[in-house]
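Structural characterization, general
In case you want the letters, here they are:
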Amino acid sequence: MSLTPIGEPRRKITVATLLEKKLHHEPITCLTAYDYASARLVDDAAIDVILVGDSLAMTMLGYENTLSVTVDEMLHHTRAVRRGVKHAFLIADMPYGSYHVGVHEAVRNAARFMKEGGSEAVKMEGGEKRADLIRRVIDAEIPVAGHIGLTPQSVNVMGGYKVQGKSLSDVEQLMRDATALDRAGVACIYLEGIPREVAAMITEEVHTPTIGIGAGPDCDGQVLVFHDILNLTFAHPAKFVRRYGDAAATITEAVQAFRADVMSHQYPSDSESYHLPKETQAALETVLERKRAMRK
Ligand code: KIV
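Residues numbered from 1 in each chain as written. Predicted model: local features only at pLDDT ≥ 70, side-chain atom pairs only at ≥ 80, totals over all residues. Heavy atoms only, no water.

Below, the discussion takes up the overall build of the chain. The helix and strand inventory of the chain stands at 12 helices and 8 strands. Here the chain holds 296 residues, and the buried ones make up 44% of them. Residue pairs in contact within the chain that sit at least 24 positions apart in sequence constitute 57% of those at least 6 positions apart. Accessible surface, the chain: about 16,600 Å² in total, of which carbon and sulfur atoms supply 56%. Of the side chains in the chain, 33 bear a positive and 39 a negative charge, and the two mean positions are spaced by 6 Å. (Helix = DSSP H or I, 4+ residues; strand = E, 2+ residues; numbered from the N terminus. Buried < 20%, exposed > 50% of the residue type's maximum accessible area, 1.4 Å probe, protein only. Contact = heavy atoms within 4.5 Å. Areas by Shrake-Rupley, 256 points an atom, 1.4 Å probe, with all protein chains shown as cover. Lys, Arg positive; Asp, Glu negative; His and termini not counted. Charge placed at Lys NZ, Arg CZ, Asp CG, Glu CD.)

Here it is, written out as structure tokens:
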């Protein structure tokens, strides 16, 4: 196992690196990022894959679900993230509607994420039924990340955000989905909201690296949403979310302290202010003195 400690020189993560990691049983790390600052922090922390997830619809834009976010909104965030990423493999989510109408539109939109957004792959939700389309996008030299299980863009079909793959027939469908994506040649497969036993079977079965979220510890890698690990979602966390920090508390404390300092005239202090150069100050005093003398 060759874990690269933070601060060591790092090599660029590519599709080949992800495959190598699977072969060497080295965990793949992935986090979402939606803007320049978060992308820089995540990339500097040596995370392998950065996903500009369509979860930004909720975390950044305040929409109720992922369905309303547009290609242009996703591109705006992808470009910002691109500017902050040096080493991580950058994947952009294709939003709902951008690859559902036809192959041409799917390829055209995917190409926009590569050309205009600077992403290195695009992610599309759906398994067996999406495999032919995904093959066509890959044929256009665009690496694709698959996403099966609890696919948030299907929220209305699923009737809510429910763990998938609980019955035998559902498990069999998930296996077919994973195999279809594997055969289509995807770069990785995101497994969301499925029993750990099913995720383990899929991970064992496919050549493609799997990245889990709410899919247990046996996937080749793990992804979490940046805002979830930092308590920035204003919502009750899902069972699989582990909070690694409390940015909401840190930000609230800082904002309240700023307000209190302004209200009590403690901000800004003299040392936080700009001053006139000594000569200008002296000249100004002479002018003011003359004016005062003329008024007498
Ligand atoms: O949009 C997103 O953040 C995602 C991950 C949770 C896999 O799709």
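Further notes follow.
Moving on, we come to the pairing of strand β5 (residues 144–149). Extensive coverage of β5 is indicated by the burial of 6 of its 6 residues. The handedness of the strand β4 (residues 121–125) to β5 crossover, carried by helix α6 (residues 131–139), is right-handed. Strand direction decides the pairing type here: β5 and strand β6 (residues 188–192), joined by 5 bridges, are parallel. Across the sheet, residue Ala-145 finds its bridge partner in β6, namely Cys-188. (Right-handed = clockwise from strand over helix to strand, strands pointing away. Pairing = 2+ DSSP bridges.)

Okay, the side chain of Thr-66 next. Mapped onto the fold, Thr-66 is located in the loop between α3 (56–59) and α4 (71–84). Here Thr-66 is in contact with Asp-54, Ser-55, Ala-57, Met-58, Pro-152 and Gln-153, once residues within four sequence places are set aside.

With that out of the way, let us pick up the site of the ligand. The immediate surroundings of the ligand are formed by Thr-32, Leu-51, Gly-53, Asp-54, Ser-55, Asp-93, Lys-123, His-147, Tyr-190, Ile-213 and Val-225. Between the ligand and Ser-55 there is a distance of 2.5 Å, counted from an oxygen atom to a side-chain nitrogen or oxygen. Coverage of the ligand by the protein amounts to 95% of the 260 Å² it exposes when considered alone. (Near = heavy atom within 4 Å. Polar contact = N/O pair within 3.5 Å; in protein donor to acceptor, adjacent residues only side chain to side chain.)

On to helix α1 (residues 15–23). Of all the positions in α1, only Thr-17, Leu-18, Lys-21 and Lys-22 are classed as buried. Along the axis of α1, the buried residues cluster in a sector spanning 140°; they form a single face. The inward-facing, buried residues of α1 contact β1 (28–32), β2 (49–52), β3 (89–93) and α9 (196–205). Backbone nitrogen of Ala-16 and a side-chain oxygen of the N-cap are separated by 3.2 Å at the start of α1; the cap is Thr-14. In the segment just after α1, His-25 is the residue with positive phi, at about 55°. (Arc of directions from axis to C-beta.)

To continue, consider the pattern of salt bridges. All chains considered together, the criterion is met by 13 salt bridges. The closest approach of N and O atoms between Arg-11 and Glu-20, which form a salt bridge, is 2.9 Å. Residue classification places Arg-11 among the exposed positions, given a relative accessible area of 52%. Glu-26 is the partner of Lys-21 in a salt bridge, and the nearest nitrogen-oxygen pair spans 3.1 Å. According to the relative accessible area criterion, Lys-21 is buried, its value standing at 9%. Several salt bridges share partner residues, and in doing so they unite Lys-12, Arg-82 and Glu-120 into one network. (Salt bridge = Lys/Arg side-chain N within 4 Å of Asp/Glu carboxyl O.)

Moving on, we get to the packing of aromatic side chains. Applying the stated criterion to the full structure yields 1 aromatic pair. The ring of Tyr-190 carries the charged tip of Lys-123 above its face, separated from the ring centre by 5.6 Å. (Phe/Tyr/Trp six-rings, centres within 6.5 Å; stacked < 30°, edge-to-face > 60°. Lys NZ or Arg CZ within 6 Å of the ring centre and 35° of its normal.)

On to unusual backbone geometry. As a rule of thumb, non-glycine residues mostly have phi less than zero, and peptide bonds are mostly trans rather than cis. A cis geometry characterises the amide bond from Tyr-267 onward to Pro-268, with omega recorded as -5°. With respect to the helices and strands, the residue Pro-268 is situated in the loop between α11 (247–263) and α12 (278–295). Although it is not a glycine, Ala-46 sits at a positive phi angle of roughly 70°. Tracing the chain through its elements places Ala-46 in the loop between α2 (36–44) and β2.

Among the residues making up α2, those that are buried are Ser-38, Ala-39, Val-42 and Asp-43. Around the axis of α2, the buried residues are gathered within 125° of arc, so they sit on the same side. Tucked inside the fold, the buried residues of α2 contact β1, β2, α4 and α10 (226–229). The positive-phi residue at the C-terminal boundary of α2 is Ala-46, with phi of around 70°.

Turning next to the nonpolar core. Counting residues in each nonpolar core, the largest one holds 67 residues, and the members touching the most others are Ile-91, Val-122, Tyr-190, Leu-191 and Ile-202. The residues touching Leu-191, leaving out its near neighbours within four places in the chain, are Ile-148, Ala-199, Ile-202, Thr-203, Thr-210, Ile-211, Gly-212, Ile-213, Ala-215 and Cys-219. (Core = buried A, V, L, I, M, F, W, Y, C linked by side-chain atoms within 4.5 Å.)

Function cannot be inferred from these measures alone, as they are strictly geometric.
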